[in-house]
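# Fold and contact review
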Amino acid sequence: VFRIRHSAAGNKVAICSMVENEPVVSFDFDSSNGGCSSVGPITGTPIGTSASHFAGTIDVEFSPDGTKLYISKFRGNTPSTGGKLYQFDFNSPGSPPVLIFSVSTSPSVNAKGLQLGPDGKIYFLDMETSSVMQFISVINDPNIAGSGCNFVSNDLDLGASVGGNMSLFPTI
């Protein structure tokens, strides 16, 4: 399973894989001619060594200004852990992604989808494998590096479980 995302400006693209030992790849995109350049893996990815599906990156999302890439790692197989949320800073391309949030240390808790909202915030889903998902976490300032991005876990209460959806939002 692969996910492809483009930046709001349309000049960058990122591709991720649910296989843990496959890197997140990014490239510059020229929308006038469809050309790609600067194709390569994101420094510090892959985040794990397992060749198993459902351990890798389930989603990526660009900050509104395109300088940050948020990486949602479904869960870990090596070692067995819950999901994680990372931030990669294109302004520091030689540095690996920074851990923003650990969903849990349990292998039964998974990170899910990311979506840039019309308000400039990024919304993040995580849940127990029992398919109980009632809350959405929020990255309030996604253009800011590291913990300055103001991540708030379970910020929005949906009032009831919406089931085990991988994402509440459409992807393009």
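What counts, and at which threshold
Residues numbered from 1 in each chain as written. Predicted model: local features only at pLDDT ≥ 70, side-chain atom pairs only at ≥ 80, totals over all residues. Heavy atoms only, no water. Pairing = 2+ DSSP bridges. Helix = DSSP H or I, 4+ residues; strand = E, 2+ residues; numbered from the N terminus. Axes fitted to C-alpha atoms, helices over the stretch in contact; angles between N-to-C directions. Polar contact = N/O pair within 3.5 Å; in protein donor to acceptor, adjacent residues only side chain to side chain. Contact = heavy atoms within 4.5 Å. 1 Å grid on protein atoms, 1.4 Å probe; cavity = no way out; pocket = protein on both sides within 12 Å on 5 of 7 lines; lining within 4 Å. Points joined across faces, edges and corners; volume = space filled by probe spheres on them. Nonpolar A, V, L, I, M, F, W, Y, C, P; charged D, E, K, R; others polar.

Overall, antiparallel pairing links the four strands, which are arranged 5-6-9-10 in an open sheet. Sheet topology places strand 5 (57-62) and strand 10 (98-102) at the edges, where each strand pairs with a single neighbour. Taken pair by pair, the neighbouring strands of this sheet meet at an average axis angle of 20 degrees, ignoring direction. Note that strand 9 (residues 84-89) and strand 10 share four bridges and pair antiparallel. In the sheet register, Leu85 faces strand 10, and the bridge partner there is Phe101.

Right, let's talk about the sheet that holds strand 4 (residues 35-41) for a bit. Taken in spatial order, the four strands of this open sheet run 1-2-3-4, and their pairing is antiparallel. Each having just a single partner strand, strand 1 (2-6) and strand 4 make up the two edges of the open sheet. Looking at each pair of strands side by side, their axes are set apart by 20 degrees on average, direction ignored. Pairing between strand 2 (residues 12-17) and strand 3 (residues 25-30): four bridges, direction antiparallel.

Here Thr67 shows up in the loop between strand 5 and strand 6 (68-73). A distance of 2.7 Å separates polar atoms of two side chains, one belonging to Thr67 and the other to Asp65. Look past the residues within four positions of Thr67 in its chain and what remains in contact with it is Phe88, Asp89, Phe90, Asn91 and Asn143.

Left-over empty space is what a probe sized like a water molecule reveals as it rolls over the atoms. Counted according to the given criterion, the structure contains one cavity of 30 Å³ or more. Estimated volume of the largest cavity: approximately 50 Å³. Ser17, Val19, Glu20, Glu22, Pro23, Val24, Thr45, Pro46, Ile47, Gly56, Thr57 and Lys73 are the residues that line the largest cavity. When grouped by side-chain class, the residues that make up the lining of the largest cavity number five nonpolar, four polar and three charged.

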